[in-house]
Number of protein chains: 2
Amino acid sequence: MNLNPADSAFAARLSADLGPDILRPAEARYLEEPRGLYAGQQGLLALPRDTAEVATLICHANDARVAVIPYGGGTGLVGGQVMPEGPTPLIVSLERMNRLRGTYPQENTLIAEAGMILADVQAAAEAADRLFPLSLAAEGSARIGGNLATNAGGTGVLRYGNARDLCLGLEAVLPDGKIWNGLTRLRKNNTGYDLRHLLIGAEGTLGIITAAALKLFSPPAQTGTALMIVDSPAAALALLAQARSQLGEMVSAFELMHRQGYDFLAEKLPEIRQPFDAPPEWSVLIDVGVSGGINPSEALETLFASGMEAGLVHDGLIAQNRQQADDFWRIREMIPEANRLIGSVSSHDISVPLGALADFIKQAGARVAAIGDFRINCFGHVGDGNLHYNVFPQVGKARDEHDGQRDGIKRAVHDLVDELGGSVSAEHGIGRVKVGDLERYGDPAKLSAMRAIKAALDPNGIMNPGAVLRAG
Amino acid sequence: MNLNPADSAFAARLSADLGPDILRPAEARYLEEPRGLYAGQQGLLALPRDTAEVATLICHANDARVAVIPYGGGTGLVGGQVMPEGPTPLIVSLERMNRLRGTYPQENTLIAEAGMILADVQAAAEAADRLFPLSLAAEGSARIGGNLATNAGGTGVLRYGNARDLCLGLEAVLPDGKIWNGLTRLRKNNTGYDLRHLLIGAEGTLGIITAAALKLFSPPAQTGTALMIVDSPAAALALLAQARSQLGEMVSAFELMHRQGYDFLAEKLPEIRQPFDAPPEWSVLIDVGVSGGINPSEALETLFASGMEAGLVHDGLIAQNRQQADDFWRIREMIPEANRLIGSVSSHDISVPLGALADFIKQAGARVAAIGDFRINCFGHVGDGNLHYNVFPQVGKARDEHDGQRDGIKRAVHDLVDELGGSVSAEHGIGRVKVGDLERYGDPAKLSAMRAIKAALDPNGIMNPGAVLRAG
């Protein structure tokens, strides 16, 4: 695929159509990504104000065969937002398209432009006495279009699903510059192939999402939070089954944490209050959101008692107020920051079938130990089978000392995930980091269908080339 | 697209590969559909026993350019399962592939082959103390592969979603005969384009689903059922909002019925017990499935009281036992049969945004009345914005007398749906009945993307030609 640079002649044609104030050379922040794995060399930055302008930009890029990098909040962790090589791309940032187009509380829906920051979407829902349940660490800067393009996960998936489950309709500009007006607020609509679900998770390789109709929910009447010390990951899962049997969908979050996370917090962020005198080997953070007159503390006490009786739980704390609940959540939420401060040798965002989860943790530990002496911080959304399995140097060692082992660790962990029927990217996506993993572990028939779809919808290969699929 | 017939030479090649006992001429029942709108002329019927045999069949059909009609339970209502014209097709019925491949209660999943009857899937879940919530009138004969291919709806959508929301992974044979092994039981998996959601709802035009990993749920601890008389469709929606505010996801079903349905039952199925002395103009059938120690009758009484206080409800019955609940549901479930016995002039499976629902009912009545004097039975899944809006002759008139008005009625109803941002096929799909509607009302960019995807994955156009998209 021969792509051309977004050069001054190209920029001049865009300016002639759209005026000069939507274009400028891309500053450094548009050419970086949070993990520092890739850096874009340069880029022509476009800041369209509406969908028609996005369509004009894409038409020009398609005619000129210029690569287009869709840009949301820039918080993605797999390099989907930067193109480190190839001719200068057109970077299309949706940041100006950040309007709330409408809120429909009676329908439990709202329509947001793609550039709206996730936290602002949450706030708009709350202002209408509704809940938009997508919640993740980067919600203060991630934009909803990017959340959808990457099918973001987070802590609300257990109850409310991934980003794709929260979207009723999309508006998008396809690679030929046509606007697809699929911004339906319908709960049921069986009229042909579901383009919405094809664009969600395609990471900007099949078009640019410009707006979305999102599902809202009645917020639970009351919430409750507990930290419980469990015997093992298997006990955590058995406790989750008890919780669901007692409370059904009212179990909102169920996060597994290993002692290593508490230790890292003590080492790097000692100002964070530790809830237990001695960090527990395994613990779970549980949120319930209840209705129907249920008392959340009593519901958590019932769960604790049944967990004790079944030998799953041996200690725990139930938050007595909002402050305490926030303190418990702060532990979970700051673990990624503590990880970053320690500096991982290799980190993995994996999922396995729930039945294989305990086995994964056991076997992965053994396989990593066979490579070297490491500290492992394993935590995550255990009810989704999604673990962040991160490998760190021992105290006093630097990550650089393990450069030669990184690929081996990654391969060992991913091979095991694959053997257990799991996924090597549970929630972060493929981006550019995992293109090779997708080729190695992906189903061949699926890969060939993906390539056929990409070629059919984007024959010139302009949309985010090199992400998800190797550039043609 | 030049397709060839599934002639004796073709059959001989299949028999040589697969043995003779999976092939026979298709009996009449494989060439009919429930509404009698289409009849297949003839067909070569294949009854594969496993996925490899399906793949062999498709490879042969693709090589020979023979049309393939995937066949599940044959219960679809839009003619997706019969090809009325063109060269003799190969009809691939999945009925022998009806095994339960595995149940994983701890994971809340099971794996079913595509030919498993929906009621058998429900029973398999129940045997593991779990719930598979897809529920629809044809569940005793519909097969899960067909339910997924058409993204079936039904009465459980309000709480649990459409068929697509209940599927974690698929195994399918693509139009080139390749087997896609996407039978993951994962809750999170962001590894490339979501082929699953592309095949779901594609009505067999992009491949044949051979097995599915399905989501199960903890069954609610207790259930309760009520029939409430509401002032209007708008009052029904306001009552639903109250129910959700009080009970969150524990509201399992919320079905709207018009007096006409009760009248049709009295006229054609007088053995069905009528719950009210005089049929109410508008009523809702409500199911709640509760956990956490909630008493379902008390929860329904609280809802009734708040509905009365708000002026939404003016009478109602709360089922005192399972028998009474079943009696209430029998009313709702037999309305389609009463409709069939009356004989509609035109029936419509539509959805609109919830905020436009009351307006739709009002305006549609006026537009139909402008065409002629009809009885209208409007009922459906009001919480999903999905109405079955069916138009019948007056007493003493025959449907044939209105043959000349049928197209006008359909057009008037669908035009209104389109004006209100709705869908002309909420849950039944496009099949062959609504290909023209999709062309008329579908978004042009979406249609062009659909055609490109179809051409890319099925370049010879063998898979269910003429369904969803006009045969090329």
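Residues numbered from 1 in each chain as written. Chains lettered and ligands numbered in written order. Predicted model: local features only at pLDDT ≥ 70, side-chain atom pairs only at ≥ 80, totals over all residues. Heavy atoms only, no water.

A closer look at the relation of the copies chain A and chain B
- Once chain A has been moved 0.0 Å along the axis and rotated by 180°, it coincides with chain B to within an RMSD of 0.0 Å. When the rotation and shift are considered jointly, the pair of chain copies conforms to a two-fold rotation axis.
- A share of 100% of interface residues in chain A that are also interface residues in chain B marks the association as one of identical surfaces. (Least-squares fit on C-alpha atoms with pLDDT ≥ 70 in both. Contact = heavy atoms within 4.5 Å.)

Things to note about the packing of aromatic side chains
Residue and element names in this part refer to chain A.
- Scanning all chains against the criterion turns up 10 aromatic pairs over all chains.
- On the basis of an interplanar angle of 80° and a centroid distance of 4.8 Å, the ring pair of Phe-264 and Phe-392 is categorised as edge-to-face. Note that Phe-264 is positioned in helix α8 (residues 259–268) and Phe-392 in strand β16 (residues 386–393), a separation of 128 residues in sequence.
- Phe-264 sits in the buried class, given a relative accessible area of 0%.
- Positioned over the ring face of Tyr-104 is Arg-185, at 3.8 Å from the centre of the ring. (Phe/Tyr/Trp six-rings, centres within 6.5 Å; stacked < 30°, edge-to-face > 60°. Helix = DSSP H or I, 4+ residues; strand = E, 2+ residues; numbered from the N terminus. Buried < 20%, exposed > 50% of the residue type's maximum accessible area, 1.4 Å probe, protein only. Lys NZ or Arg CZ within 6 Å of the ring centre and 35° of its normal.)

Observations concerning the packing of helix α1 (residues 8–18) of chain B against helix α2 (residues 51–64) of chain B
Residues and elements named next belong to chain B.
- Here α1 crosses α2 at 150°, and the two axes come no closer than 11 Å. When the axis of α1 is compared with that of α2, the two are roughly antiparallel. In this structure, α1 meets α2 at a crossing whose hand is right-handed. Here Phe-10, Arg-13, Leu-14, Asp-17 and Leu-18 of α1 lie close against α2, whose contacting residues are Glu-53, Thr-56, Leu-57, His-60, Ala-61 and Ala-64.
- When grouped by side-chain class, the residues that make up the contact of α1 with α2 number six nonpolar, two polar and three charged. (Axes fitted to C-alpha atoms, helices over the stretch in contact; angles between N-to-C directions. Parallel < 35°, antiparallel > 145°, perpendicular 65-115°, else oblique. Left-handed = near helix turned anticlockwise from the far one by under 90°. Nonpolar A, V, L, I, M, F, W, Y, C, P; charged D, E, K, R; others polar.)

Structural notes on the environment of A:Ile342
- Secondary-structure assignment places A:Ile342 in helix α10 (residues 322–342).
- Measuring from C-alpha to C-alpha, the distance between A:Ile342 and A:Gly436 comes to 27 Å, with 94 residues separating the pair along the chain.

Digging into the UniProt feature "domain: FAD-binding PCMH-type" (unreviewed entry) in chain A
- In the UniProt entry, the feature "domain: FAD-binding PCMH-type" (unreviewed entry) is given for residues 38–219 of chain A.
- When the span residues 38–219 of chain A is considered, its composition is 21% helix and 22% strand, and the gap between its end C-alpha atoms is 40 Å. (UniProt positions renumbered as here; feature names shortened; annotations may be inferred.)

Quick look at the packing of helix α11 (residues 357–371) of chain A against helix α12 (residues 406–419) of chain A
All names here are of chain A.
- Across the interface, α11 lies against α12 with an axial gap of 10 Å and an inter-helix angle of 155°. Taken together, the axes of α11 and α12 lie roughly antiparallel to each other. Two packed elements cross with a definite hand, and for α11 against α12 that hand is right-handed. Contact with α11, carried on its side by Phe-360, Gln-363, Ala-364, Arg-367, Val-368 and Ile-371, involves Gly-408, Ile-409, Ala-412, Val-413, Leu-416, Val-417 and Glu-419 of α12 and no other residues of that element.
- Across the contact of α11 with α12, the residue classes tally to nine nonpolar, two polar and two charged.

Some thoughts on unusual backbone geometry
- For A:Glu203, which is not glycine, the phi dihedral falls at a positive 55°.
- Here A:Glu203 shows up in the loop between α6 (195–199) and β9 (208–215).
- Phi at B:Asn464 is positive, roughly 45°, even though this residue is not glycine.
- Mapped onto the secondary structure, B:Asn464 falls in the segment after α14 (444–457).
- What makes B:Asn464 buried here is its relative accessible area of 2%.

Thoughts on the sheet that holds strand β6 (residues 109–113) of chain B
Residue and element names in this part refer to chain B.
- Spatially, five strands are ordered β5-β6-β9-β7-β8 in an open sheet, and the strand pairing comes out antiparallel. In the strand order of this sheet, the two ends are held by β5 (100–104) and β8 (179–182), each with one partner. The mean angle between the axes of side-by-side strands here comes to 15°, regardless of whether they run parallel or antiparallel.
- Sheet topology places β6 next to strand β9 (residues 208–215); five bridges connect them, and they run antiparallel. Note that in β9 the partner of Ile-111 across the bridge is Ala-213.
- Docked against the sheet, helix α3 (residues 118–127) engages β5, β6 and β9, running at close to 150° with respect to β6. (Pairing = 2+ DSSP bridges.)

Points about the pattern of salt bridges
- Going through the model one piece at a time under the given rule, you end up with 53 salt bridges over all chains.
- Residue A:Asp194 pairs with B:Arg164 through a salt bridge whose shortest N-O separation is 3.3 Å. Residue A:Asp194 is found in the loop between β8 (179–182) and α6, and its partner B:Arg164 is found in the loop between α5 (157–160) and β7 (167–173); the two belong to separate chains.
- What makes B:Arg164 buried here is its relative accessible area of 5%.
- Between A:Asp403 and A:Arg406 there is a salt bridge, and its shortest N-O distance comes to 3.2 Å.
- The class of A:Asp403 is partly exposed, set by a relative accessible area of 44%.
- Three or more residues are tied together by salt bridges with common partners; here these are A:Arg99, A:Arg101, A:Glu113 and A:Glu171. (Salt bridge = Lys/Arg side-chain N within 4 Å of Asp/Glu carboxyl O.)

Some thoughts on the nonpolar core
- Among the nonpolar cores identified, the biggest contains 167 residues, and A:Leu90 and B:Leu90 are the most heavily contacted of them.
- Examining the composition of this core, we find that seven residues originate from one element, α14(B), more than from any other.
- For A:Leu90, the contacting residues outside a window of four places in its chain are A:Ala6, A:Phe10, A:Leu14, A:Leu23, A:Leu44, A:Ala46, A:Leu57, A:Ala61, A:Val66, A:Ala67, A:Val68 and A:Ile69.
- Within the second largest apolar cluster, 102 residues are counted, among which are A:Met228, A:Leu354, B:Ile361 and B:Leu420. (Core = buried A, V, L, I, M, F, W, Y, C linked by side-chain atoms within 4.5 Å.)

So, helix α7 (residues 233–247) of chain A
All names here are of chain A.
- Under the 1.5 Å per step criterion, the end-to-end length of α7 is 21 Å for 15 residues, consistent within 8% with the ideal 21 Å.
- Restricting attention to buried positions, one finds in α7 the residues Pro-233, Ala-235, Ala-236, Leu-237, Leu-239, Leu-240, Gln-242, Ala-243, Arg-244 and Leu-247.
- Gly-248 sits one or two residues past α7 and shows a positive phi near 55°. (Expected span 1.5 Å × (residues − 1).)

Considerations on the interface of chain A and chain B
- Chain A puts 81 residues into the contact, and the matching count from chain B is 81 residues.
- Taken together, both faces of the contact between chain A and chain B bury some 6400 Å²; the carbon and sulfur share is 57%.
- When the buried surface of chain A facing chain B is broken down by residue, A:Lys188, A:Asn190 and A:Tyr193 rank first, second and third, together holding 17% of it.
- Taken together, the links from chain A to chain B amount to eight salt bridges.
- Between A:Glu427 and B:Lys188 there is a salt bridge; the shortest N-O distance is 2.7 Å.
- The interface formed by chain A and chain B holds 40 residue pairs in polar contact (both at pLDDT 80 or more) in total.
- No other element matches the 10 residues that helix α14 (residues 444–457) of chain A contributes to the side of chain A that touches chain B.
- Grouping the constituent residues of the side of chain A that touches chain B by class yields 32 nonpolar, 33 polar and 16 charged. (Buried area = accessible area lost by both parts, 1.4 Å probe. Polar contact = N/O pair within 3.5 Å; in protein donor to acceptor, adjacent residues only side chain to side chain.)

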